[in-house]
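Close look at the chain arrangement
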2 protein chains.
Amino acid sequence: MKRNTWQRDAVRAALDTQLGFVSAQNLHSSLRTTGSHIGLATVYRALSDLASEGEADSLQSPEGESLYRACSSGHHHHLICRSCGLAVEVEADDVEVWAKKVASLHGFSQAEHVVDVFGYCSSCVPAVKESA
Amino acid sequence: MKRNTWQRDAVRAALDTQLGFVSAQNLHSSLRTTGSHIGLATVYRALSDLASEGEADSLQSPEGESLYRACSSGHHHHLICRSCGLAVEVEADDVEVWAKKVASLHGFSQAEHVVDVFGYCSSCVPAVKESA
DNA sequence: ATCGCTTTTGACAATCATTATCAATAAGCC
DNA sequence: GGCTTATTGATAATGATTGTCAAAAGCGAT
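Thresholds applied
Residues numbered from 1 in each chain as written. Chains lettered and ligands numbered in written order. Predicted model: local features only at pLDDT ≥ 70, side-chain atom pairs only at ≥ 80, totals over all residues. Heavy atoms only, no water. UniProt positions renumbered as here; feature names shortened; annotations may be inferred. Helix = DSSP H or I, 4+ residues; strand = E, 2+ residues; numbered from the N terminus. Buried < 20%, exposed > 50% of the residue type's maximum accessible area, 1.4 Å probe, protein only. Areas by Shrake-Rupley, 256 points an atom, 1.4 Å probe, with all protein chains shown as cover. Lys, Arg positive; Asp, Glu negative; His and termini not counted. Charge placed at Lys NZ, Arg CZ, Asp CG, Glu CD. Contact = heavy atoms within 4.5 Å. Buried area = accessible area lost by both parts, 1.4 Å probe. Salt bridge = Lys/Arg side-chain N within 4 Å of Asp/Glu carboxyl O. Polar contact = N/O pair within 3.5 Å; in protein donor to acceptor, adjacent residues only side chain to side chain. Nonpolar A, V, L, I, M, F, W, Y, C, P; charged D, E, K, R; others polar. Core = buried A, V, L, I, M, F, W, Y, C linked by side-chain atoms within 4.5 Å. Pairing = 2+ DSSP bridges. Axes fitted to C-alpha atoms, helices over the stretch in contact; angles between N-to-C directions. Near = heavy atom within 4 Å.

Looking at an unreviewed UniProt entry, one finds chain A named Transcriptional repressor and attributed to Subtercola lobariae. Recorded under Subunit (unreviewed entry), the UniProt text for chain A is reproduced unchanged: "Homodimer." Taken directly from UniProt, the Sequence similarities (unreviewed entry) text for chain A runs: "Belongs to the Fur family."

Turning next to the overall build of chain A. Each helix and strand in chain A was counted, giving four helices and six strands. Reading chain A from its N terminus to its C terminus gives the helix and strand order α-β-α-α-β-β-β-β-α-β. Counting only C-alpha atoms, chain A reaches 50 × 45 × 25 Å along its principal axes. Across the 132 residues in chain A, those meeting the buried criterion constitute 41%. Counting only carbon and sulfur atoms, one obtains 51% of the accessible surface of chain A, whose full area is about 7600 Å². Charge-centre separation for chain A: the mean point of 11 positive side chains lies 7 Å from the mean point of 16 negative side chains.

Another aspect to go through is the interface of chain A and chain B. Taken together, the contact pairs 41 residues of chain A with 41 residues of chain B. Summed over both partners, the interface of chain A with chain B buries about 3100 Å², with 62% contributed by carbon and sulfur atoms. Scanning the region where chain A abuts chain B turns up zero salt bridges. Taken together, the connections running from chain A to chain B amount to 10 residue pairs in polar contact (both at pLDDT 80 or more). If you list the elements that add at least two residues to the side of chain A that touches chain B, you get strand 4 (77-81), strand 5 (87-90), helix 4 (93-105) and strand 6 (109-120) of chain A. Sort the elements by how many residues they give to the side of chain A that touches chain B and strand 6 of chain A lands first, with 12 residues. In terms of residue class, the side of chain A that touches chain B is built from 24 nonpolar, 10 polar and seven charged.

In this structure, L79(A), W98(A), L79(B) and W98(B) are the most contacted members of the largest nonpolar core, which totals 30 residues. Only strand 4, strand 5, helix 4 and strand 6 of chain A together with strand 4 (77-81), strand 5 (87-90), helix 4 (93-105) and strand 6 (109-120) of chain B provide two or more residues apiece to this core. With residues up to four places along the chain from it excluded, the contact list for L79(B) reads V102(A), A103(A), H106(A), F108(A), L86(B), A87(B), V88(B), V90(B) and V117(B).

Bringing the sheet that holds strand 4 of chain A into the picture now. Note: strands within a sheet are paired through backbone hydrogen bonds, in either parallel or antiparallel orientation. Strand order in this open sheet of six strands is 5(A)-4(A)-6(A)-6(B)-4(B)-5(B), and the pairing throughout is mixed. Looking along the sheet, the strands with just one partner apiece sit at the ends: strand 5 of chain A together with strand 5 of chain B. Mean inter-strand twist for the sheet, computed between neighbouring axes without regard to direction, equals 20 degrees. As paired strands, strand 4 of chain B and strand 6 of chain B are joined by four bridges and run parallel to one another. Each residue of the ladder has a partner; that of I80(B), found in strand 6 of chain B, is F118(B). Relative to strand 6 of chain A, helix 4 of chain A is tilted by about 135 degrees, and along the sheet it contacts strand 4 and strand 6 of chain A together with strand 4, strand 5 and strand 6 of chain B. Where helix 4 of chain B meets the sheet, it contacts strand 4, strand 5 and strand 6 of chain A together with strand 4 and strand 6 of chain B, and its direction lies at approximately 135 degrees from that of strand 6 of chain B.

Close contacts around DNA strand D come from 23 residues, with R3(A), R45(A), R3(B), Y44(B) and S66(B) the closest. Backbone atoms, meaning sugar and phosphate, make up 63% of the atoms of DNA strand D lying within 4 Å of the protein. Contact distances for DNA strand D include 2.9 Å between a sugar or linking oxygen and a side-chain N or O atom of Q7(A). Interatomic distance of 3.1 Å between a backbone N/O atom of G39(A) and a phosphate oxygen of DNA strand D. Secondary-structure elements contributing two or more residues to the surface near DNA strand D are helix 1 (6-17) and helix 3 (40-52) of chain A together with helix 3 (40-52) of chain B.

Here it is, written out as structure tokens:
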């Protein structure tokens, strides 16, 4: 049976306070900073659980870390700021349709897709010339 | 100055023989199997170089490994078989448009996107019931 | 073809995120 | 209050990737 522990609640709560995606390591640090004595492995477990229960979204950063974020339920995608980590949930009906079409066109089944847009949010526009 | 070494060529060649995405580790094994004495670190370096020169595509597997594949130049996305690794390059004009629109709508600049579809190709359809 | 300067290699150590281990602890149920 | 068992947490283990650095090539000039 699944039990309710304060650790699990703490992780959920900590995740809620975050505006963007966080790594398990970072979330653990945050929790420690706020005085919690929660263990690192527990944070990993809690995040992993939350993600599989649909209470959190997870994605891989370009560096290969797993990042998590509290999310509204349902299928959606993200627009993520490379600088501050701010994440905006976006609808992508067009993309859903496209993904299904492409998959079936090539005989693929059980298609899932990874769709995320990375950029700099209006507060973080870096002082970089238009070079690319 | 950048030098031409047989190692670099070997990695390029090995990558060309692959139908789908491979990890650096796997590619290294393959090379060893074919008799090459190339070092692991060198394979990592070569792949990383190829990727930044645009001669290879790279993406993160759901497990967090970096996967590489020789690719045609230009921007495109992939339809990847979870079982055999087969990767099909697909156009995604609709998605390009959508990504730009969403980014500008939220004030994001320098937007890049990650769009990949994972599924099972027709040869790999697993004997799994429609449970999800 | 050789010399010399530099880049590249490769074996191995180091790093870093994540997972496994397992005894101690604490939930939920009686 | 106890009992049973899931959960915790400190730490070890794992596994991919990167750093290190002496030895081994590349490439241009001679």
